[in-house]
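Close look at the chain arrangement
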Amino acid sequence: YDQRKGVCQAYSELFYRLCEAVDVKCIIISGIANNTDGIGGHAWIYAEVEGGSILIDPTWGAGSVNGNRFEFKEDHDYWFMVNPYWMIFTHFPEDNRFQFLKQPINEQTFAKLPPLDPSCKYFGWDARDIFQRCVSGEIQTMPQLFPKRGINLSLIDIPMQQTLNPATTYHFEVEANSPIRFAIIANNNEWIWNNLWKQSGNRYSIDLMPGGGKELHIAIEKPDGSGYKTLVLYKVAPPTTAEQQYISTHQRPTIYAHTLTDGTKLIEIPPYKTLNPAQVYHFELECLQSESFAIIVNDKWYMSDMWTQSGNRYSIDVMPQNGGMLKIAILNHEGSYSTIAEYLIAEPTAKELQIIQQYIQNNIQEPIY
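So, here's what we can say about the structure. No experiment lies behind these values; they were computed from the predicted model shown.

In this structure, E291 sits in the loop between strand 20 (281-286) and strand 21 (293-297). In this structure the side chain of E291 is engaged in a polar contact, spanning 2.8 Å, whose partner is the side chain of T264.

Laid out in structure tokens, this is it:
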């Protein structure tokens, strides 16, 4: 106290004395703790207050030492009333009674748990559910997490593993509790903003294959609009030769989400970057009726007035006829068209050319040249 220095035991003893002074029953718990520095001896607090019993870690709740400087963390108050199912991820008491779990675990099971902390509640996660999934072996590793109070984005369903396979398609589903912008950043700075996710009420979902790159981020726009901060960070394993071949044929189209206006959404488009020249593809957009857009297949334009309209929904079926490029574009403020999505078209084989000719004869919706 005189030197204003101490580790966990000193913090806990000081907290004990403060509780004693205001007639709060308090017990110092001894055990081990697991964090990014590994497993080591630790001390924390059990207290009885009005409304029930609580677990507290005054040491971790105060902040941390960075070099020779102590940094107070204002957002660490989640360590002052901890759900036992969050506490057990990082704190293992010598006395099993202080686990406060329906079924206490042993030290070997504790050592296998990922070091999650109670700030994960800001993701909308249920502590007991995550704990049971970890103990059962369903969750064995976790991505790097950066939860923070006030993120207003609940992670409903995301891959619960540290490393993603580059050629596997994963499901992501979140709930936005306020009008915010968020994105998945993959494939070495490919941004997939929330206006490209499927939306149902406040729920947004997307199925995504990481493809190339070393990392994949789930990020949210900062409140001041100055950029994005990462909430979840995955590693992406390097692809094998076979996986690289699969990725090349199942790669996502290039999408320029920043060109989408507030009233434009891609409802349904082909999911892969390379299109077959003898296959009919369905495109469906939601746009304001005042907007002009088009599909451009090489030098052929399928303007918005050629699409089938139902309210603000527009749809069209298009068969690419030659190798090259297909673009979805929208009229911008400068009077030119900005690309929304971009595809490659494979060169047709002789058999595919016959299919294309037959399609042209039966298709009454001719493009504008």
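Back to the text.
Considering all chains together, one arrives at 12 salt bridges under this definition. The salt bridge involving E20 is made with R17; its shortest N-O contact spans 3.0 Å. With E20 and R17 both in helix 1 (residues 8-21), this residue pair falls three residues apart, about one helical turn. According to the relative accessible area criterion, R17 is exposed, its value standing at 52%. Residue R97 pairs with D95 through a salt bridge whose shortest N-O separation is 2.8 Å. The exposed category is assigned to R97, whose relative accessible area is 61%. In this structure, a network of salt bridges that share partners links the residues D129, R133 and E138.

Pairing in this open sheet of four strands is antiparallel, and the strands run 3-2-1-6 from one edge to the other. Each of the sheet's edge strands pairs with one partner strand only, and the pair in question is strand 3 (52-56) and strand 6 (91-93). The average undirected angle you get between the axes of adjacent strands in this sheet is 35°. Two elements, strand 1 (residues 25-35) and strand 6, share three bridges in a ladder whose sense is antiparallel.

In this structure, F100 takes a positive phi of about 55° despite not being glycine. Look at N298: it is not a glycine, yet its phi comes out positive at around 55°. Mapped onto the fold, N298 is located in the loop between strand 21 and strand 22 (300-303).

Counting residues in hydrophobic clusters, the biggest one holds 86 residues, and the most contacted among them are W125, F172, I184, F283 and I295. If we skip the residues at most four places from it in the chain, I184 touches F172, E190, W191, I192, W197, I206, L208, L216, H217 and I218. Ranked by size, the runner-up nonpolar core spans seven residues in total, among them F15, C26, I45 and I56.

Now for the pairing of strand 11 (residues 182-186). In terms of burial, strand 11 is a largely internal element, five of the five residues being buried. Of the two faces of strand 11, the one carrying F182, I184 and A186 and the one carrying A183 and I185 are both buried. Here strand 11 pairs with strand 12 (residues 190-193) via four bridges, running antiparallel. Within strand 12, the position partnered with A186 by the bridge is E190.

Let's shift gears to empty space enclosed by the protein. Counted under the stated rule, the structure contains one cavity of 30 Å³ or more. Put simply, the largest cavity is a space of about 40 Å³. Taken together, W44, L55, P84, M87, I88, H91, P93, F98 and Q99 make up the full set of residues lining the largest cavity. Contributing elements (two or more residues each) for the lining of the largest cavity: helix 3 (84-87) and strand 6. Of the residues in the lining of the largest cavity, the class split is seven nonpolar, two polar and no charged.

Looking now at the packing of aromatic side chains. In this description, an aromatic ring pair is defined by two values, namely the gap between the centres and the angle between the planes. Counted by the stated rule, this structure contains 21 aromatic pairs. Ring centres 6.3 Å apart and planes at 40° place the aromatic pair F15 and F80 in the tilted group. Placement of the pair is F15 in helix 1 and F80 in the loop between strand 5 (69-72) and helix 3, with a sequence separation of 65 residues. Judged by centre distance (5.1 Å) and plane angle (80°), the ring pair of F293 and Y314 falls under edge-to-face.

So, how was this worked out
- Throughout this description, residue numbers start from 1 for each chain and increase along the sequence as written.
- Given that this is a predicted model, residues contribute local features only at a pLDDT of at least 70 and side-chain atom pairs are listed and counted only at 80 or more, while totals for whole chains, interfaces and linings are drawn from all residues.
- No hydrogens and no water enter the side-chain calculation; it runs on all heavy atoms of the structure.
- Runs of H or I in DSSP of at least four residues are treated as helices and runs of E of at least two as strands, each being numbered from the N terminus.
- Between N or O atoms, a polar contact is any pair within 3.5 Å; within protein, one atom must be a potential hydrogen donor and the other a potential acceptor, and residues adjacent in sequence are included only when both atoms are from side chains.
- Within this document, salt bridges are pairs made up of a side-chain nitrogen of Lys or Arg and a carboxyl oxygen of Asp or Glu, the two lying within 4 Å of each other.
- For every residue, the accessible area (1.4 Å probe, protein chains only) is compared with the maximum for its type, and the residue is labelled buried under 20%, exposed over 50%, or partly exposed between those bounds.
- The pairing criterion for strands is at least two bridges between them, as found by DSSP.
- Axis definition: a line fitted to C-alpha atoms, over the contacting stretch in the case of helices. Angles run 0 to 180 degrees between N-to-C directions.
- To form a nonpolar core, buried Ala, Val, Leu, Ile, Met, Phe, Trp, Tyr and Cys residues must be joined to one another through side-chain atoms within 4.5 Å.
- Between two residues, a contact is recorded if the distance between any of their heavy atoms is within 4.5 Å.
- Using protein atoms alone on a 1 Å grid, points that fit a 1.4 Å probe yet trap it form a cavity, whereas open point sets bounded by protein on both sides within 12 Å along at least five of seven lines form a pocket; residues with an atom within 4 Å of a point count as lining.
- Grid points are joined across faces, edges and corners, and a volume is the space filled by probe spheres set on the points.
- All residues other than Ala, Val, Leu, Ile, Met, Phe, Trp, Tyr, Cys, Pro, Asp, Glu, Lys and Arg, Gly among them, are scored as polar; the first ten of these are nonpolar and the last four charged.
- Centre distance within 6.5 Å is the pairing criterion for rings of Phe, Tyr and Trp, where only the six-membered ring of Trp is used; planes under 30 degrees apart are then read as stacked, over 60 as edge-to-face, and the remainder as tilted.

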